Amino acid sequence: MSQSPPLCVIIGAGEGLGRALAEKFARQGFAIALISRSEAGSDAAFEAAAAVAPDVRYFSADAVQPETIESALNEVTKKMGAIDVLIYNVRGEFTACEPLDMTYTSLEEIYRIEVVGAFAAARTVLPAMMKRSRGSIFFSSATAAYRGSRTHPLYAIGKFGLRALSQSLTKAYAEYGVHIVHVRLDCDLDAPYMREIYGEKYEPETLASPDDVAESYWLTHLQPRSAWSNEIELRPYTEAWTY
């Protein structure tokens, strides 16, 4: 009987880092499950992974509604098997405002996207990973997790919460053999939407390659459990440190 391939689940698989992560893990022999609000939003990731992966499937969920994350992950397990790697790659809107201009609705929404959705994902997969004493969980994050902001407080508050969640889960469950990692990107990614924003000022050397970032996720997944990284930061060599 042939053995099933390992399974990587990516929540928030867009055309930038999500696409690169899907392709990277697919090239390493993983089956890929992509979870997002719309199938169209995962087209680039699906096509990149499908070219090399033994199995690629799409599942629908909305991070604002944590129950849908839980349901989608349960469906993934039912249809594709045990989850070996979970990557929560969801990002709230980078909305500019002063702190006193935040609304209750916007504050609750960013918290649900960045923290509650991430918790729903981790809570769904952790028990099985702990039972098998293996598995990796990645939370894609940003430097906003380390500092408040007078101009983008919503984003900072969401990322602060995500980092606290990651650390709390690590301290509670790493001893069961589950590798939990908060990945802080102190940079802009060389993704299609960022190229549009930069326009004539676009310069590849100043942006992080999504494929190179995905390589770092992969290498972190391979770390021996006697020397795990639970917090990693990534930036291109040209980046001016922002904290």
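Look up a bit, the structure's there.
Structural notes, computed from the coordinates.

Rules and cut-offs
Residues numbered from 1 in each chain as written. Predicted model: local features only at pLDDT ≥ 70, side-chain atom pairs only at ≥ 80, totals over all residues. Heavy atoms only, no water. Helix = DSSP H or I, 4+ residues; strand = E, 2+ residues; numbered from the N terminus. Contact = heavy atoms within 4.5 Å. Buried < 20%, exposed > 50% of the residue type's maximum accessible area, 1.4 Å probe, protein only. Pairing = 2+ DSSP bridges. Core = buried A, V, L, I, M, F, W, Y, C linked by side-chain atoms within 4.5 Å. Axes fitted to C-alpha atoms, helices over the stretch in contact; angles between N-to-C directions. Phe/Tyr/Trp six-rings, centres within 6.5 Å; stacked < 30°, edge-to-face > 60°. Lys NZ or Arg CZ within 6 Å of the ring centre and 35° of its normal. Polar contact = N/O pair within 3.5 Å; in protein donor to acceptor, adjacent residues only side chain to side chain. 1 Å grid on protein atoms, 1.4 Å probe; cavity = no way out; pocket = protein on both sides within 12 Å on 5 of 7 lines; lining within 4 Å. Points joined across faces, edges and corners; volume = space filled by probe spheres on them. Nonpolar A, V, L, I, M, F, W, Y, C, P; charged D, E, K, R; others polar.

Details of the environment of Ala120
Here is step 1 of the chain: Considering the arrangement of structural elements, one finds Ala120 in helix α4 (residues 104-132).
Here is step 2 of the chain: Considered as a pair, Ala120 and Ser136 are 16 residues apart in the sequence and their alpha carbons are 16 Å apart.
Here is step 3 of the chain: Other than its neighbours up to four places away in sequence, Ala120 contacts Pro66 and Ile69.

Here's the deal with the pairing of strand β7 (residues 231-234)
Here is step 1 of the chain: Burial along β7 is one-sided: the face carrying Ile232 and Leu234 is buried and the face carrying Glu231 and Glu233 is not.
Here is step 2 of the chain: Relative to β7, strand β6 (residues 179-185) runs parallel, the two sharing 4 bridges. Directly across from His182, in β7, lies its bridge partner Glu231.

Some words on the nonpolar core
The tendency in soluble globular proteins is for nonpolar side chains to be buried side by side.
Here is step 1 of the chain: Core analysis: the biggest nonpolar cluster contains 33 residues, and Val9, Ile11, Ile35, Leu73, Val76, Ile137 and Phe139 have the highest contact counts within it.
Here is step 2 of the chain: Mapped onto this core, the elements with two or more residues apiece are β1 (7-11), β2 (31-36), α3 (66-80), β4 (85-88), α4, β5 (136-142) and α5 (153-173).
Here is step 3 of the chain: Looking at this core element by element, the count peaks at 8 residues for α4.
Here is step 4 of the chain: Sequence-distant contacts of Ile137, defined by excluding residues within four places in its chain, comprise Leu86, Val125, Leu126, Met129, Val178, His179, Ile180 and Val181.
Here is step 5 of the chain: By size, the runner-up hydrophobic cluster in this structure holds 31 residues, among which are Leu17, Ala22, Leu34 and Phe138.

Here's the deal with the sheet that holds β7
Here is step 1 of the chain: Pairing in this open sheet of 7 strands is parallel, and the strands run β3-β2-β1-β4-β5-β6-β7 from one edge to the other. Only two strands of the sheet have a single partner each, and these edge strands are β3 (56-60) and β7. Taking each pair of neighbouring strands and ignoring which way they run, the sheet shows an average axis angle of 20°.
Here is step 2 of the chain: With 5 bridges joining them, β1 and β2 adopt parallel strand pairing. Considered in β2, the bridge of Cys8 is made with Ile32.
Here is step 3 of the chain: Relative to the sheet, α5 contacts β5, β6 and β7, its axis offset from that of β5 by approximately 155°.

What about the packing of aromatic side chains?
Here is step 1 of the chain: In total, this model carries 6 aromatic pairs according to the counting rule given.
Here is step 2 of the chain: Relative to Phe30, the ring of Phe25 lies with its centre 5.4 Å away and its plane at 90°, an arrangement referred to as edge-to-face. Here the two residues Phe25 and Phe30 agree in accessibility, since each one is buried.
Here is step 3 of the chain: Taking the centre distance of 5.0 Å and the plane angle of 90° together, the rings of Phe94 and Tyr155 count as edge-to-face. Here Phe94 is found in the loop between β4 and α4, whereas its partner Tyr155 is found in helix α5, with 61 residues between them in sequence.
Here is step 4 of the chain: A residue is classified by how much of its surface remains accessible, and Phe94, at 47% relative accessible area, is partly exposed.
Here is step 5 of the chain: Judged by its relative accessible area of 9%, Tyr155 falls in the buried class.
Here is step 6 of the chain: Members of the aromatic cluster, connected to one another through ring pairs, are Phe25, Phe30 and Trp218.
Here is step 7 of the chain: Stacked on the ring of Tyr146, the Lys or Arg Arg163 has its end atom at 4.0 Å from the ring centre.

Quick notes on the side chain of Thr220
Here is step 1 of the chain: Along the chain, the position of Thr220 falls in helix α7 (residues 210-221).
Here is step 2 of the chain: Here the side chain of Thr220 touches Ser216 through a polar contact of 2.7 Å, landing on its backbone oxygen.
Here is step 3 of the chain: In contact with Thr220, other than residues within four places in its own chain, are Phe138, His179, Val181, Ser229 and Ile232.

Description of the layout of surface pockets
Here is step 1 of the chain: Quantified by volume, the largest pocket comes out at close to 1,500 Å³.
Here is step 2 of the chain: Taken together, 50 residues form the lining of the largest pocket, with Val90, Arg91, Gly92, Tyr155 and Tyr193 sitting closest to its centre.
Here is step 3 of the chain: For the lining of the largest pocket, the secondary-structure elements that each account for two or more residues are α1 (17-27), β2, α4, β5, α5 and α6 (192-198).
Here is step 4 of the chain: Its residues assigned to classes, the lining of the largest pocket shows 21 nonpolar, 18 polar and 11 charged.

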